[in-house]
Amino acid sequence: MTDNLFQPFALNSTIELKNRILMAPLTRCMADDNLVPTQAMADYYARRAGAGLIITEATQIRADGQGYPNTPGLFTPEQINGWRVVTDAVHKNGGKIFAQIWHTGRVSHPYFYEGDEVLAPSAVKVEGTVPRMRDLEYQTPTPMTQAQIQQMVEDFAQAASNAIDAGFDGVEIHGANGYLVDQFLHYSSNTREDEFGQTPENMARFPLQVVDAISDRIGADRTALRVSPGAYFNMEADSRDKAVFDYLLDQLSERQLAYLHVGIFDDAMEFDYLGGTVSGYIRQNYPHTLVGVGGFSAETGSQAIADNKFDLLAIGRPFIANPDYVERVQAGEAVVEYSEEMLTKLV
């Protein structure tokens, strides 16, 4: 049974979702060469407005945050206007939509922007090459100065303000999966010796400054955050990271965010340094609205909600394969299986 997925859910006093199924952010690389969302993207998102909430593909807050080809931006008037077409289409179909905003940090590449610096917490290079452009090798980043960190905080807040101007219902800060915000939270990527490194309080300082600056600009009720304490994408594992997330979650618990989005991936997997599963660790340390994502079906996600592991279910690849995913599940119909070929087109 999946009946609990179709109950309305109040994120807060200002935002109510018509069901508990969220469309997870899925990088599609389908913006135009100026990083402006296209009409095809507007059609793509509008067809998925049956979700309780759509979270967009990750969107750059500024030019030097780009690490993949044709990922959209939210820092020029043209990009804002392009997103307005998307949000209007989603709202016309009865949906709600948050923009996921990011800076990729050491995973960015100067190929995509003017300049030669790659900014990150520390001069620790990530090995490998840019997806879809394998001739571009990642570069050793330049450690951000404190002035650059404060400017980055302001640029995150401005992008969030731009998102509201573009008609979004709120924003989700991408603080997961080895990108800039997450890079500050891990010992393998943050070797700073100033007030942004070495201790949990210092390492969580930049992420919390971003959360607070955006909350101040657009309201905490329209601000969400994604984290991934159990996932090490573009990152080396370190048992000391748990203390950083302990502190971060304690601080986030004092803030009334729209939700915390957690990459769980395999909820049967236990992590020694977390003392169990990701969902168990997060639920124990964060008392407010949780979104779980990572390989769940409607049935397993519904059961996880019933078991109080999280409150809302984010669905990823099945939404690529099934624009009418919510309607199919509610009607008890089979869903189309996702395949890699579906990544090359928007349907």
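On a predicted model such as this, the values are computed, not experimentally measured, just so you know. All chains use their own residue numbering, which begins from 1 and follows the written sequence. Per-residue local features of the predicted model are confined to residues with pLDDT of at least 70, and side-chain atom pairs are confined, for both listing and counting, to 80 or more; whole-chain, interface and lining totals are unaffected and use all residues. Heavy atoms from the whole structure form the basis of all side-chain values; hydrogens and water molecules are not counted.

**Student:** In this structure, what is going on with helix α9 (residues 298–306)? I would like to understand it.
**Tutor:** Because an α-helix packs 3.6 residues into every turn, residues spaced three or four apart end up facing the same way. Accessible area is worked out with a 1.4 Å probe on protein chains only. A residue is then buried under 20% of its type maximum, exposed over 50%, and partly exposed in between. Secondary structure follows DSSP: runs of H or I at least 4 residues long count as helices, runs of E at least 2 residues long count as strands, and numbering of each begins at the N terminus. By the burial criterion, the buried members of α9 are A298, G301, S302, A304 and I305. Within α9, the buried residues cover an arc of 160° as seen down the axis, which keeps them to one side. Elements that come into contact with the buried residues of α9 comprise β15 (312–315) and α11 (325–331). N308 occupies a position one or two residues after α9 and carries a positive phi of about 65°. The arc under discussion is defined with respect to the helix axis, by the directions toward the C-beta atoms. Here, two residues are considered to be in contact whenever any of their heavy atoms come within 4.5 Å of each other.

**Student:** Hey, could you run me through empty space enclosed by the protein in this one?
**Tutor:** Gaps between atoms show up when a probe of the same size as a water molecule is rolled over them. Points on a 1 Å grid over protein atoms alone make up a cavity when a 1.4 Å probe fits among them but cannot get out, and a pocket when they form an open set with protein on both sides within 12 Å along at least five of seven lines; lining residues each have an atom within 4 Å of a point. Grid points are joined across faces, edges and corners, and a volume is the space filled by probe spheres set on the points. Considering all chains together, one arrives at 1 cavity of 30 Å³ or more under this definition. As for the largest cavity, its lining consists of V262, I264, S279, I282, L290, V291, G292, K309 and F310. Residue assignment for the lining of the largest cavity shows that the elements contributing at least two residues are α8 (278–285) and β14 (290–293). Ranked by residues supplied to the lining of the largest cavity, first place goes to β14 with 3 residues. Split by residue class, the lining of the largest cavity holds 6 nonpolar, 2 polar and 1 charged. Under the scheme applied, nonpolar residues are Ala, Val, Leu, Ile, Met, Phe, Trp, Tyr, Cys and Pro; charged residues are Asp, Glu, Lys and Arg; polar residues are all the others, including Gly.

**Student:** I would appreciate a short explanation of the packing of helix α1 (residues 39–46) against helix α2 (residues 77–92) in the present structure.
**Tutor:** The angle between the axes and the distance between the axes are what describe a pair of packed helices. Convention adopted: a line fitted to C-alpha atoms gives each axis, helices being fitted over their contacting stretch, and angles between N-to-C directions are expressed from 0 to 180 degrees. Two elements in contact, α1 and α2, have axes whose closest approach is 8 Å; the angle formed by their N-to-C orientations is 25°. Relative to α2, the element α1 is oriented roughly parallel. Along this stretch, α1 crosses α2, giving a crossing that reads as right-handed. Contact residues: Q39, M41, A42, Y45 and A46 in α1; W83, V85, V86, A89 and V90 in α2. Counted by class, the contact of α1 with α2 contains 9 nonpolar, 1 polar and no charged residues. Should an angle fall under 35 degrees it is taken as roughly parallel, and over 145 as roughly antiparallel, whereas 65 to 115 is taken as roughly perpendicular and any remaining angle as oblique. We call a crossing left-handed when the near helix sits turned anticlockwise from the far one by less than a right angle, and right-handed when that turn is clockwise.

**Student:** Help me out: how do you make sense of unusual backbone geometry in this one?
**Tutor:** Among all residues save glycine, negative phi is the norm, and among peptide bonds the norm is trans. Of note in this structure, C29 is not a glycine but carries a positive phi near 55°. Looking at C29, the relative accessible area reads 11%, which means it is buried. The phi dihedral of Q198 falls on the positive side, at around 80°, and the residue is not glycine. Tracing the backbone shows Q198 in the loop between α4 (180–183) and α5 (200–203).

By themselves these figures say nothing about function.
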